[in-house]
Amino acid sequence: METIRVYRNLNGVDKFLGLELADGCLLLLTFFLAFLINRNGLFTNAALLVMVYVGLRALKRGKPDGYLLVLTRFVLMSRFKRTPGFEEAETR
């Protein structure tokens, strides 16, 4: 049997410039917020976008796919949503 060369892994996550879709959405949100606050500062807004991009790449270096989504879910998950006394009832 002859092997067939595949140039893309079907199980892999789609990435563009090393960023996943959620990272791109965060970068796009930063773009809109930067130009909403400072409309005339093209250089400062571009510098901010480059800093956010480099920061995302540094944060995700060596981490598995979907790391930013899991980290965001963990940070936004409130500890106060749990029912009070759940741990106490479990130990009795």
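The shown structure was predicted, so the numbers you read here are calculated from the model rather than taken from an experiment.

1. Observations concerning the packing of aromatic side chains
Logical step 1: In the structure shown here, the tally under the stated rule is two aromatic pairs.
Logical step 2: Aromatic side chains Phe 31 and Phe 32 sit 5.5 Å apart centroid to centroid with 65° between the ring planes, which places their arrangement in the edge-to-face category.
Logical step 3: A centroid spacing of 4.9 Å and a plane angle of 55° characterise the contact between Phe 31 and Phe 35, whose relative ring orientation is tilted. Of this pair, Phe 31 and Phe 35 both sit in helix α1 (residues 21-37), four residues apart, roughly one helical turn.
Logical step 4: Every member of this aromatic cluster is reached through a ring pair, and the members are Phe 31, Phe 32 and Phe 35.
Logical step 5: For Lys 63, the ring lying beneath its charged end belongs to Tyr 67, and the centroid distance is 5.5 Å.

2. Structural notes on the confidence of the model for the protein
Logical step 1: For the protein, the average pLDDT comes to 80, and 76% of its residues sit at 70 or higher.
Logical step 2: The element-level mean pLDDT for the protein is lowest in helix α4 (residues 86-91), coming to 59, with helix α2 (residues 42-60) highest at 89.

3. What to know about the side chain of Lys 60
Logical step 1: Assignment of secondary structure puts Lys 60 in helix α2.
Logical step 2: Apart from the residues within four sequence positions on either side, Lys 60 is in contact with Glu 20, Asp 23 and Leu 68.

4. Quick notes on the packing of α1 against α2
Logical step 1: Where α1 meets α2, the axes come as close as 10 Å, and the angle between the chain directions of the two elements is 155°. Classified by the angle their axes make, α1 and α2 are roughly antiparallel. When you trace α1 past α2, the crossing you get is right-handed. Residues Asp 23, Leu 26, Leu 27, Thr 30, Phe 31, Ala 34 and Phe 35 of α1 lie in contact with α2, whose contacting residues are Leu 42, Asn 45, Leu 48, Leu 49, Val 52, Tyr 53, Leu 56 and Lys 60.
Logical step 2: For the contact of α1 with α2, the per-class residue count stands at 11 nonpolar, two polar and two charged.

5. Here's the deal with the pattern of salt bridges
Logical step 1: Per the stated rule, a full pass over the model turns up two salt bridges.
Logical step 2: Linking Lys 60 and Glu 20 is a salt bridge whose minimum nitrogen-to-oxygen distance equals 3.4 Å. Linking Lys 60 in helix α2 with Glu 20 in the segment before α1, this pair joins segments that are 40 residues apart in sequence. With respect to class, Lys 60 is no different from Glu 20; both count as buried.
Logical step 3: Note that Asp 23 and Lys 60 form a salt bridge whose closest N and O atoms lie 3.1 Å from each other. Here Lys 60 lies in helix α2 and Asp 23 lies in helix α1, a separation of 37 residues in the sequence. Across this residue pair, the class does not change: Asp 23 and Lys 60 are buried.

Reading the values: the criteria
- Residues numbered from 1 in each chain as written.
- Predicted model: local features only at pLDDT ≥ 70, side-chain atom pairs only at ≥ 80, totals over all residues.
- Heavy atoms only, no water.
- Phe/Tyr/Trp six-rings, centres within 6.5 Å; stacked < 30°, edge-to-face > 60°.
- Helix = DSSP H or I, 4+ residues; strand = E, 2+ residues; numbered from the N terminus.
- Lys NZ or Arg CZ within 6 Å of the ring centre and 35° of its normal.
- pLDDT = per-residue confidence, 0-100.
- Contact = heavy atoms within 4.5 Å.
- Axes fitted to C-alpha atoms, helices over the stretch in contact; angles between N-to-C directions.
- Parallel < 35°, antiparallel > 145°, perpendicular 65-115°, else oblique.
- Left-handed = near helix turned anticlockwise from the far one by under 90°.
- Nonpolar A, V, L, I, M, F, W, Y, C, P; charged D, E, K, R; others polar.
- Salt bridge = Lys/Arg side-chain N within 4 Å of Asp/Glu carboxyl O.
- Buried < 20%, exposed > 50% of the residue type's maximum accessible area, 1.4 Å probe, protein only.

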